[in-house]
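So you can see what is in the structure, the chains are spelled out below.
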Amino acid sequence: MPVVVVESPAKAKTIEKYLGGNYRVLASFGHVRDLPPKDGSVDPADDFAMKWEVAADSKKHLKAIKDALKDDPTLILATDPDREGEAISWHLLEALQPALKKGSGVSRVTFNAITKAAVTEAMAHPRQIDQPLVDAYLARRALDYLVGFNLSPVLWRKLPGAKSAGRVQSVCLRLIVDREMEIEAFKAREYWSVHARLATPQGAEYDATLVSLAGAKLDRFDLPNAEKAAMAVSAVASRDLRVGSVAAKPATRNPWPPFMTSTLQQEASRKLGMGAKACMSAAQRLYEAGLITYMRTDGIDMAPEAVHAARDAIKAKFGDRYVPSSPRMYKNKAKNAQEAHECIRPTDMMLSPDRLNVSADDQRKLYDLIWKRTIASQMEAARMERTTVEIASPDNQVGLRATGQVVLFDGFLRVYDQGRDDDEGEDSARLPAIREGEPATLVKNAFLSDYEKAAASEDSLIETASAGQLVAGGFVANETAAVAARQHFTQPPPRYTEATLVKRMEELGIGRPSTYASIVTTIQDRDYVRKDKNRLIPEDKGRLVTVFLTKYFPRYVSYDFTADLENELDEISAGDLMWREVLGRFWKDFSKALEGTSELRITEVLDAIDDALAPHLYPPRADGGDPRECPLCHKGRLNLKTARSGGAFIGCSNYPECRYTRPISAPDGEAVVGDRILGEDDGDPISLKTGRFGPYVQRGEATEANPKPARASIPKGWDPATLDLDRAVQLLSLPRPVGPHPEDGELIEAGIGRFGPYVKHGSKYANLPDVEEVFTIGMNRAVEVLAAKQTRGRAAAAAPLRELGDHPDGGAIQVMNGRYGPYVKWDKVNATLPRDVAPEDLTVEQALELIAAKAAKSPAKKKAAPKAKAAAKPAAKKATAKKAAPKKPAKKAAE
């Protein structure tokens with residue numbers, strides 16, 4: 001039987017079902033080779049020769065494929081239809097070459113969806129490996145290696161505590177840091193808006209906004225304070241008002257195009273709260289199950305048969321009027337046609353989300369999003385009427401405007417509307433019937449509840465408003481509360497979410513569909529960025545790395561340079577550029593930049609970063625004093641320092657006389673923290689000090705007789721600036737005896753350890769939820785906590801995720817959740833699940849294979865152990881030499 005190779009076992013299982021018993025389908029489990037993480041894997045001096053190494057886990061998968069090829073030498077490579085998939089096929093062919101007989105048939109097939117029709121069609125039209133796509137992969141892999149492997153050591157040496165730097169990850173990090181600096185440099189500007197509640201002669205109410213004052217158009221900042229806002233309120237309230245014009249204009253809203261990778265990640269973030277990595281993982285499962293088309297794409301066009309299927313589904317579900325007269329066609333914006341695929345869509349348009357048979361919640365939600373977006377993209381436009389009403393006083397001194405929108409036909413909005421990252425201020429209020437020339441009467445007490453709310457939440461009132469007005473912080477109304485002014489402040493640009501970050505990267509041309517998720521994930525995994533309420537905030541080390549790279553490698557974190565390099569990679573995949581020429585030009589300039597940092601000293605680097613970050617590190621003081629003056633000793637100056645353990649902090653130049661320190665991200669006006677005496681206890685001075693691991697309290701001072709006085713770290717969440725003598729003495733008295741255990745009389749103690757507050761009974765520990773409980777916990781509570789810990793421990797060991805049935809040799813097969821991920825358990829055999837196999841998708845057959853493979857390894861280890869223990873030293877050396885010998889041909893083959 002011909003051997004078909006795909007990436008994952010889930011994909012292999014689905015395809016084998018479609019192909020029947022005429023083919024043998026095996027999984028490579030992703031890439032089988034990679035560049036080893038050591039010097040010389042890419043050699044610029046040897047025309048960028050690359051040394052590949054077969055991964056240890058991949059050897060068994062390659063062996064399975066080689067064994068299958070002994071029966072039939074026909075090899076069909078059916079990996080994903082993109083650059084990465086082409087690279088996996090190329091690696092497989094290179095690694096399997098020695099096992100292929102002369103004249104063996106090797107072909108490449110691709111399909112955009114794992115359906116029977118798509119797979120059968122692909123098998124009927126095989127091709128050869130697309131070398132330009134492989135060349136683009138080689139160029140990208142070599143670039144990432146050269147930057148990461150050469151730039152990361154520079155970071156480690158010159159910036160203690162920094163981690164590795166990636167080519168595109170560093171540029172992505174710069175986007176987040178630059179945005180944060182914009183936010184910090186932002187100066188809010190005050191402005192006011194004036195509103196009136198009006199009524200028609202029939203009594204229908206509507207709101208209008210002041211747009212002109214004293215006969216002139218009112219711009220945003222023309223009412224900069226409460227005083228002018230109060231005058232504007234009086235001007236409106238003191239005049240009769242009449243409707244000048246009513247203009248109703250028809251409008252249409254067309255649907256959004258179907259998803260491509262970047263827009264799917266953005267919408268999954270907005271609507272489902274999914275990160276890019278989680279989104280792509282769920283999409284991968286849906287693709288492998290044959291439910292959606294390939295999910296790594298920069299195309300938005302849809303196959304003609306899919307368009308007709310979508311129109312049929314719309315007609316069946318919503319009726320003829322929701323189907324446009326002609327199909328909607330979306331132009332593909334991909335820069336490189338060879339890497340452009342169809343949009344992300346369901347493979348069966350009739351399979352609505354309510355009929356989907358998928359247990360995983362994230363997959364169900366993502367499929368719902370994809371189905372609705374796809375169906376909506378082929379639906380009729382939404383029709384609406386937008387009305388603008390102009391209201392003015394007879395003397396034209398004040399002018400107001402009311403706007404509204406009425407949806408006449410919902411069209412695609414019945415199914416789907418795209419989410420928004422931030423408020424776009426669209427006015428969708430519905431207006432009553434208003435006629436030109438009719439009076440507009442002010443409605444009394446319309447804003448009374450707004451005034452009461454503002455007055456209740458503010459301590460101080462504004463005293464600049466006119467007499468007789470209702471005034472509270474940020475709010476001014478006339479005495480009848482029919483006209484009101486509200487205070488506003490301009491807002492800084494919002495922090496990036498994963499959705500807006502991917503959108504911005506796409507706009508700048510940084511990265512490509514297959515890379516977005518890994519880029520965003522990597523900068524979080526390296527602790528350069530943290531996510532808080534779905535917003536991305538740079539950590540201190542992320543700032544330091546960005547400033548360092550911007551200072552010493554400005555070209556390589558430039559948005560334009562990175563985008564131009566991505567375009568060159570696209571040209572390589574199109575066959576228009578030679579990949580080694582692109583690498584040659586890059587390396588020539590990059591190696592010179594590396595040489596320029598060789599003589600740099602750490603102090604120079606810190607000074608440069610200190611100057612660059614000065615506005616953030618040393619904000620202006622309220623009293624106008626020097627922001628770099630040490631607030632503790634008032635003699636030294638604050639500057640950036642690095643700790644031995646890595647990371648950075650702000651310290652006083654007068655060290656060691658002054659030990660003032662603070663984090664580089666300390667908020668404005670933070671209280672002074674440094675060495676100080678808190679008082680005396682039993683004749684010993686109790687002092688607060690700052691060490692390399694943070695603030696701590698100490699009893700007495702170090703002497704020859706007592707070189708290590710008692711110390712205690714300040715618990716997380718405690719403010720060192722407010723620490724007093726009593727609290728310090730409490731900390732120094734830990735661990736605190738609670739009393740003898742009622743069962744065995746052994747002492748129970750409460751204390752604070754490496755993992756937080758705890759109670760201890762003999763060698764058994766149990767965590768406490770709150771630090772404060774360490775000082776108050778009694779015997780009953782301590783015994784209860786210790787007993788609960790033991791109960792939890794026993795229960796956790798016996799909770800299977802799934803029961804798969806009985807093993808042929810007897811005994812249950814269970815899927816368990818372990819410390820290092822899910823695994824299959826049978827008898828005493830525990831076999832870890834591969835990364836690309838979800839617990840809910842595991843079959844009995846797969847479980848038996850995993851158990852057999854694990855069991856086959858175990859006896860060998862047991863037999864080897866006694867020999868190694870009994871053997872003499874010379875024999876052990878000989879055995880080691882014999883064991884190492886078989887590795888040589890494997891290494892040679894890998895090269």
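Everything quoted here is computed from the prediction, not taken from an experiment. (Residues numbered from 1 in each chain as written. Predicted model: local features only at pLDDT ≥ 70, side-chain atom pairs only at ≥ 80, totals over all residues. Heavy atoms only, no water.)

Chemist: Looking at this model, I keep getting lost on the overall build of the protein chain. Mind explaining?
Modeler: Broken down by element type, the protein chain carries 24 helices and 35 strands. Scored against the burial criterion, the 895 residues of the protein chain give a buried share of 46%. Only carbon and sulfur atoms are counted for the fraction: they give 50% of the accessible area of the protein chain, which is about 46,200 Å². (Helix = DSSP H or I, 4+ residues; strand = E, 2+ residues; numbered from the N terminus. Buried < 20%, exposed > 50% of the residue type's maximum accessible area, 1.4 Å probe, protein only. Areas by Shrake-Rupley, 256 points an atom, 1.4 Å probe, with all protein chains shown as cover.)

Chemist: Looking at this model, I keep getting lost on the side chain of E566. Mind explaining?
Modeler: Structurally, the position occupied by E566 is in helix α16 (residues 559–573). The exposure class assigned to E566 is buried, which follows from its relative accessible area of 0%. In this structure the side chain of E566 is engaged in a polar contact, spanning 2.7 Å, whose partner is the side chain of R140. Contacts of E566, omitting those with residues within four sequence positions, involve R140, R167, V168, G509, G511 and R512. (Polar contact = N/O pair within 3.5 Å; in protein donor to acceptor, adjacent residues only side chain to side chain. Contact = heavy atoms within 4.5 Å.)

Chemist: Is there a simple way to think about the packing of aromatic side chains in this case?
Modeler: The description of two aromatic rings rests on the distance between their centres and on the angle between their planes. Enumeration over the complete set of coordinates arrives at 19 aromatic pairs. Taking the centre distance of 6.2 Å and the plane angle of 25 degrees together, the rings of F561 and F586 count as stacked. Linking F561 in helix α16 with F586 in helix α17 (residues 579–595), this pair joins segments that are 25 residues apart in sequence. Across this residue pair, the class does not change: F561 and F586 are buried. Within the aromatic cluster, the residues linked to one another by ring pairs are F548, Y552, F553, Y556, F561, F586, W587 and F590. The ring of Y496 has R179 lying over it, and the distance from NZ or CZ to the ring centre is 4.3 Å. (Phe/Tyr/Trp six-rings, centres within 6.5 Å; stacked < 30°, edge-to-face > 60°. Lys NZ or Arg CZ within 6 Å of the ring centre and 35° of its normal.)

Chemist: Help me out: how do you make sense of empty space enclosed by the protein in this one?
Modeler: Empty space among the atoms becomes apparent when a probe as large as a water molecule is rolled across them. Here the structure, examined in full by the defined rule, presents 4 cavities of 30 Å³ or more. For the second largest cavity, the calculated volume is near 80 Å³. In this structure, the second largest cavity is lined by 13 residues; those nearest its centre are V147, G166, R167, Y556 and V557. Elements that contribute at least two residues to the lining of the second largest cavity include exactly α5 (131–158), α6 (167–185) and α16. The greatest single-element share of the lining of the second largest cavity, amounting to 3 residues, is contributed by α16. For the lining of the second largest cavity, the per-class residue count stands at 9 nonpolar, 3 polar and 1 charged. (1 Å grid on protein atoms, 1.4 Å probe; cavity = no way out; pocket = protein on both sides within 12 Å on 5 of 7 lines; lining within 4 Å. Points joined across faces, edges and corners; volume = space filled by probe spheres on them. Nonpolar A, V, L, I, M, F, W, Y, C, P; charged D, E, K, R; others polar.)

Chemist: Help me understand the pattern of salt bridges, please; the structure alone is not making it clear to me.
Modeler: A side chain of one charge can pair with a side chain of the opposite charge if their charged atoms are brought near each other. One pass over the full model with this rule turns up 43 salt bridges. The partner of R253 in a salt bridge is D417, and the shortest N-O contact between them spans 2.8 Å. You can see R253 sitting in strand β12 (residues 242–253) and its partner D417 sitting in the loop between β14 (398–409) and β15 (441–442), a full 164 residues away along the chain. You can call D417 partly exposed: its relative accessible area is 29%. In this structure, a network of salt bridges that share partners links the residues R140, D144, R167 and E566. (Salt bridge = Lys/Arg side-chain N within 4 Å of Asp/Glu carboxyl O.)

Chemist: Can you walk me through the sheet that holds strand β2 (residues 24–27) in this structure?
Modeler: Within a sheet, each strand pairs with its neighbour through backbone hydrogen bonds, oriented either parallel or antiparallel. Strand order in the open sheet made by the 4 strands is β2-β1-β7-β8, with parallel pairing throughout. Every other strand in the sheet has two partners, leaving β2 and β8 (106–108) as the edge strands with one partner each. Ignoring strand direction, the axes of neighbouring strands in this sheet form an average angle of 25 degrees. Of the pairings in the sheet, the one linking strand β7 (residues 75–77) to β8 comprises 3 bridges and is parallel in character. Following the sheet pairing, L77 is matched in β8 by R108. (Pairing = 2+ DSSP bridges. Axes fitted to C-alpha atoms, helices over the stretch in contact; angles between N-to-C directions.)

Chemist: In this structure, what is going on with helix α13 (residues 498–508)? I would like to understand it.
Modeler: At 3.6 residues per turn, the α-helix brings residues three or four places apart onto the same side. E498, A499, T500, L501, V502 and M505 are the residues of α13 that are buried. Remark: G509 follows α13 within two positions and exhibits a positive phi of approximately 80 degrees.

Chemist: Hey, could you run me through the pairing of strand β31 (residues 764–767) in this one?
Modeler: Regular strands show a simple pattern: their side chains alternate between the two faces of the sheet. Two elements, strand β30 (residues 756–761) and β31, share 4 bridges in a ladder whose sense is antiparallel. Note on β31: the bridge partner recorded for H761 is K764.

Chemist: What's the story with the packing of α6 against helix α14 (residues 516–525) in this structure? I'm lost.
Modeler: The relative placement of two packed helices is expressed as an angle between their axes plus a distance between the axes. At a closest axis distance of 9 Å, the pairing of α6 and α14 adopts a crossing angle of 70 degrees. The orientation of α6 with respect to α14, classified from their angle, is roughly perpendicular. Of the residues in α14, those touching α6 at V168, Q169, C172, L173 and I176 are I519, T522 and I523. In the contact of α6 with α14, the residues fall into 6 nonpolar, 2 polar and no charged. (Parallel < 35°, antiparallel > 145°, perpendicular 65-115°, else oblique.)

Chemist: Looking at this model, I keep getting lost on the sheet that holds strand β21 (residues 638–642). Mind explaining?
Modeler: Spatial ordering of the open sheet is given by β21-β22-β23, a layout of 3 strands whose pairing is antiparallel. Each of the sheet's edge strands pairs with one partner strand only, and the pair in question is β21 and β23 (661–662). Both strand β22 (residues 648–652) and β23 contribute to a ladder of 2 bridges, which runs antiparallel. Looking across to β23, one finds that G651 is bridged to T661.

Chemist: How should I be thinking about the nonpolar core in this particular structure?
Modeler: The nonpolar side chains of soluble globular proteins are, as a tendency, buried together. Within the largest apolar cluster, 100 residues are counted, with the highest numbers of intra-cluster contacts made by L159, L501, F548, F553, F590, I609 and L640. Ranked by residues supplied to this core, first place goes to α5 with 13 residues. Apart from the residues lying within four places of it in its own chain, the contact partners of F590 are L146, V147, N150, L151, F553 and Y556. V4, A122, L356 and V415 belong to the second largest nonpolar core, which has 62 residues in total. (Core = buried A, V, L, I, M, F, W, Y, C linked by side-chain atoms within 4.5 Å.)

Chemist: Looking at this model, I keep getting lost on the packing of helix α8 (residues 261–272) against helix α11 (residues 361–377). Mind explaining?
Modeler: Their axes nearest at 11 Å, the elements α8 and α11 cross at an angle of 120 degrees. Considering their axes alone, α8 and α11 lie oblique with respect to each other. In this structure, α8 meets α11 at a crossing whose hand is right-handed. Note on element contacts: α11 touches α8 through K365, L366, L369, I370 and R373, opposite T263, L264, E267, A268, K271 and L272. Looking at side-chain class alone, the contact of α8 with α11 contains 6 nonpolar, 1 polar and 4 charged residues. (Left-handed = near helix turned anticlockwise from the far one by under 90°.)

Chemist: Please explain the environment of H807 as it appears in this structure.
Modeler: Within the secondary structure, H807 is located in the loop between β32 (802–806) and β33 (812–818). Residues H807 and I851 lie 44 residues apart in sequence; the distance between their C-alpha atoms is 9.9 Å. Once residues within four sequence positions are removed from consideration, H807 is found in contact with I813, W826, L848 and I851. A polar atom in the side chain of H807 sits 3.0 Å from the backbone nitrogen of D809.

Chemist: How do you make sense of the state of the cysteines when you look at a structure like this?
Modeler: A covalent bond between the sulfur atoms of two cysteines is what we call a disulfide. Enumeration according to the criterion identifies 0 disulfides in this entry. Not engaged in a disulfide, the cysteine C658 finds its nearest cysteine sulfur in C630; these two sulfurs lie 3.6 Å apart. (Disulfide = S-S within 2.5 Å.)

Chemist: Explain unusual backbone geometry here, please?
Modeler: Across residues other than glycine, the phi torsion is negative in most instances, and most of the peptide bonds are trans. Cis geometry marks the peptide bond from L734 to P735, where omega comes out at 0 degrees. Mapped onto the secondary structure, P735 falls in the loop between α20 (725–732) and β28 (736–740). Positioned with a positive phi, F29 is a non-glycine residue whose angle comes to about 60 degrees. Structurally, the position occupied by F29 is in the loop between β2 and β3 (33–34). Non-glycine residue H634 carries a positive phi angle of around 60 degrees. Its location among the elements puts H634 in the loop between α19 (614–617) and β21.

Chemist: Before we go on, may I ask you to explain the environment of S170 in this structure?
Modeler: Relative to the helices and strands, S170 is located in helix α6. Using a relative accessible area of 8% as the deciding quantity, one classes S170 as buried. In this structure the C-alpha to C-alpha distance between S170 and I523, which are 353 residues apart in sequence, comes to 8.2 Å.

Chemist: Explain the confidence of the model for the protein chain here, please?
Modeler: Chain-level statistics for the protein chain give a pLDDT mean of 85 and a share of 89% at 70 or above. Mean pLDDT across the elements of the protein chain ranges from a minimum in helix α24 (residues 887–894), with 38, to a maximum in strand β9 (residues 190–199), with 97. pLDDT under 50 marks residues 459–465. Its contacts with residues more than four places away, or in other chains, come to 13 contacts. Predicted confidence is poor over residues 667–672, with pLDDT under 50, and the contacts of this stretch with residues over four places away or in other chains come to 8 contacts. (pLDDT = per-residue confidence, 0-100.)

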